[in-house]
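# Observations on chain architecture
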Amino acid sequence: MHPRLILELNTRCWLKRLGDGHAPSFRDVPDEVLDEWSAAGYDAVWLMGVWLPSASGAEIARAHPGLRGEYAKALPDWRDEDVGASPYAIRGYDVNPEWGGAEALQDLRRRMRARGIRLILDFIPNHVARDHPWIHDHPARFVQGSGEQFQHAPHNWFFADTREGERIVAHGRDPYFDGWTDTAQLDYRRTELQQAMLGELQRVALLCDGVRCDMAMLVTREVFQKTWLTPDVFPEFWPFAIREVRSLHPEFVFIAEVYWGMEAKLREFGFDLTYDKGLLDRIVSGDALRRERFDMPTATHQGWLRFLENHDEPRIAARFEPRKALSLAAWVYALPGSRLIFDGQTTGQRIRLPIQLKREPDEELDAQVAAGYALLFPVLARRSVRRGAWTLLTPRPAWVGNDASERILGMAWDAPAGADHGARRELTRIFLNAADTRSQCWVDLALGNLMGKSVVLRDLLSHKVFERDGVELMMRGLYLDMEPWESHAFDCELRVNSDSTLD
């Protein structure tokens, strides 16, 4: 089963926070921290940036004019020693020795496993750091260019010292932007390179339970050909690499960071989860959220990894006021599929930290945000939401001529009664008014035959309790009158009326 709730941590900042300014070993992570993850319902933790950092990458990051401006925005008192290499320009898949290396990471992994929490690490298929040993020892594994290409676009190429002499090597890039100047582009036209990257992936698979693959679409044949203007036909990397890893680790999880409408292709190649960046873009742009956006089979939902922020995105608390952000979280994270929460999201942090910074600013906890997530996490942990049957509900106009029902979204999660959970079925109904205006609707709660019964609706997000007659709910449905960006998560308890003659 795919992990349902994933926590992303910026490893070097998180460890430094735990060590009160000094990064400890993974062995020193207290069990109490892992217990907190388990209690919150996380079944996977993505440690972003554990691999061997690049010395040349750090130098480039300190000198880069654009990045220096970003550092100042996030951390006004930053100093050169606060800047390291990008976690996505690495020298190799060795665990950073500053944190105890692979043995210390495996100690942490063992303790996580004891709590049912899987470990996710990065895999960076498209490029490596400029000081990666392959550049000197295996230059044929990289895209190489000519003097003419360098003169035409010097920002996309660099001179590299290799065992075969000086070579012009491409920076890693995508087809729409200039190269990342701290990286070197791997050449997937080369069989030897694909085999070497499979070997790296197999090494990583020994250390964790899954990988988040950075910009996974860049190494597909379609995108590689477009980026490098090459007609060369070569085997796709992902299908055979995923197959080979799964032959040894059947439960290994593959997560793709992927854009440009290529999500379905990556799932066809074998990825378990693909980013749903399109949903976040729609939310941020202000485009209306409509029922049709979520009207898909449960199996399709289950292939999406949904999020409101991550290390690449601005903080959701900086984009929206707390009520809207929390209501969006209640809807997005209650959908079928997997959910990603970034460190600091649940305490209302507003500052997006450039990934090159090794020190984070001090931010006060937002009590409203923290309280909201404290209410939401138990909803996400409910048996019905984690393992039940999901249905998208269909709100109806509250009266003729009122189109506000189109702005209200609703879903149902049902779990049957079980011997270990008592006699009552667990029924959860979640609603969002995805609008800046007040909205009304009628909605069928899909609770079945309610003759002789009443329904107690407990809003788990506000602690309000309502009781409705079952026959009325069957005939008309539930009437909702919702404030702008209001959300509900109702626990629905069915009660047999005392005067009922039902058998």
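Up top is the structure these notes are about.
Residues numbered from 1 in each chain as written. Predicted model: local features only at pLDDT ≥ 70, side-chain atom pairs only at ≥ 80, totals over all residues. Heavy atoms only, no water.

### Details of the overall build of the protein
The secondary structure content of the protein amounts to 18 helices and 22 strands. The C-alpha extent of the protein, read off along each of the three principal axes, is 90 × 50 × 45 Å. Split into buried and exposed, the 503 residues of the protein put 56% on the buried side. Within the protein, counting contacts between residues at least 6 apart in sequence, those at least 24 apart form 75% of the total. Across the protein, the mean location of the 62 positive side-chain charges is 2 Å away from that of the 75 negative side-chain charges. (Helix = DSSP H or I, 4+ residues; strand = E, 2+ residues; numbered from the N terminus. Buried < 20%, exposed > 50% of the residue type's maximum accessible area, 1.4 Å probe, protein only. Contact = heavy atoms within 4.5 Å. Lys, Arg positive; Asp, Glu negative; His and termini not counted. Charge placed at Lys NZ, Arg CZ, Asp CG, Glu CD.)

### So, the sheet that holds strand β12 (residues 273–275)
Taking strand neighbours around the barrel as the criterion, the 8 strands line up as β1-β2-β5-β10-β11-β12-β13-β14 in a closed arrangement whose pairing is parallel. Here the strands of the sheet are splayed against their neighbours by 30° on average, with no regard to which way each runs. Pairing of strand β1 (residues 5–10) with strand β14 (residues 338–342) involves 4 bridges; the strand directions are parallel. Opposite I6, over in β14, you have L340 as the bridge partner. (Pairing = 2+ DSSP bridges. Axes fitted to C-alpha atoms, helices over the stretch in contact; angles between N-to-C directions.)

### A few points about the nonpolar core
Where a protein is soluble and globular, its nonpolar side chains tend to be buried together. Grouped together as the largest cluster of nonpolar side chains are 129 residues, with contacts concentrated most on W37, L47 and W238. Discounting residues that sit within four places of it in the chain, W238 has contacts with F123, P125, C213, A216, V219, T220, L266, F269 and F271. Membership of the second largest hydrophobic core comes to 18 residues, among which are A412, V443, L473 and C492. (Core = buried A, V, L, I, M, F, W, Y, C linked by side-chain atoms within 4.5 Å.)

### Focus: the side chain of R382
Secondary-structure assignment places R382 in the loop between α16 (367–380) and α17 (383–387). Under the relative-accessibility criterion, R382 is labelled buried at 13%.

### Concerning the packing of aromatic side chains
Each aromatic ring pair is characterised by the separation of its centres together with the angle its planes make. By the definition in use, this model includes 25 aromatic pairs. Look at Y93 and F123: their rings are 5.4 Å apart centre to centre, the planes differ by 25°, and that puts the pair in the stacked class. On the criterion of sequence distance, the pair formed by Y93 in strand β4 (residues 90–95) and F123 in strand β5 (residues 118–123) is long-range, its members being 30 residues apart. There is no split in this pair, since Y93 and F123 are both buried. (Phe/Tyr/Trp six-rings, centres within 6.5 Å; stacked < 30°, edge-to-face > 60°.)

### Describing the pairing of strand β19 (residues 453–459)
When you tally the buried positions in β19, you get 5 out of 7 residues, the bulk of the element. Relative to strand β22 (residues 487–496), β19 runs antiparallel, the two sharing 7 bridges. Opposite S454, over in β22, you have R495 as the bridge partner. Between β19 and strand β20 (residues 465–469), which follow one another and run antiparallel, lie 5 residues, and H463 among them has a positive phi close to 70°.

### As for the side chain of E493
Tracing the backbone through its elements, the reader meets E493 in strand β22. Classification of E493 by relative accessible area gives buried; the value is 16%. A polar contact is formed between the side chain of E493 and the side chain of R458, at a distance of 2.8 Å. A distance of 3.4 Å separates a polar atom in the side chain of E493 from a polar atom in the side chain of R495. Sequence-distant contacts of E493, that is, excluding residues within four places in its chain, are made with R424, S454, V455, V456 and R458. (Polar contact = N/O pair within 3.5 Å; in protein donor to acceptor, adjacent residues only side chain to side chain.)

### What to know about helix α5 (residues 101–113)
Counted at 1.5 Å a residue, the expected span for α5 with its 13 residues is 18 Å, and the 19 Å between its end C-alpha atoms agrees. The set of residues buried in α5 consists of G101, A104, L105, D107, L108, R109, R111 and M112. On the buried face of α5, the contacting elements are α2 (31–40), β2 (44–48), β4 and β5. (Expected span 1.5 Å × (residues − 1).)

### Quick word on the layout of surface pockets
What the largest pocket holds in volume is close to 1,000 Å³. Lining of the largest pocket is provided by 31 residues; of these, W180, D312, R352, I355 and Q356 occupy positions nearest its centre. If you list the elements that add at least two residues to the lining of the largest pocket, you get α3 (55–63), α4 (65–74) and α12 (277–285). Of all the elements, α4 adds the most residues to the lining of the largest pocket, at 3 residues. Partitioned by chemical class, the residues of the lining of the largest pocket number 11 nonpolar, 9 polar and 11 charged. For the second largest pocket, the lining is made up of 37 residues, of which W14, R17, D343, G344 and Q349 are closest to its centre. Going through the elements one at a time, β1, α1 (11–18) and α2 are the ones with two or more residues in the lining of the second largest pocket. Residues that form the lining of the second largest pocket fall into these classes: 15 nonpolar, 8 polar and 14 charged. (1 Å grid on protein atoms, 1.4 Å probe; cavity = no way out; pocket = protein on both sides within 12 Å on 5 of 7 lines; lining within 4 Å. Points joined across faces, edges and corners; volume = space filled by probe spheres on them. Nonpolar A, V, L, I, M, F, W, Y, C, P; charged D, E, K, R; others polar.)

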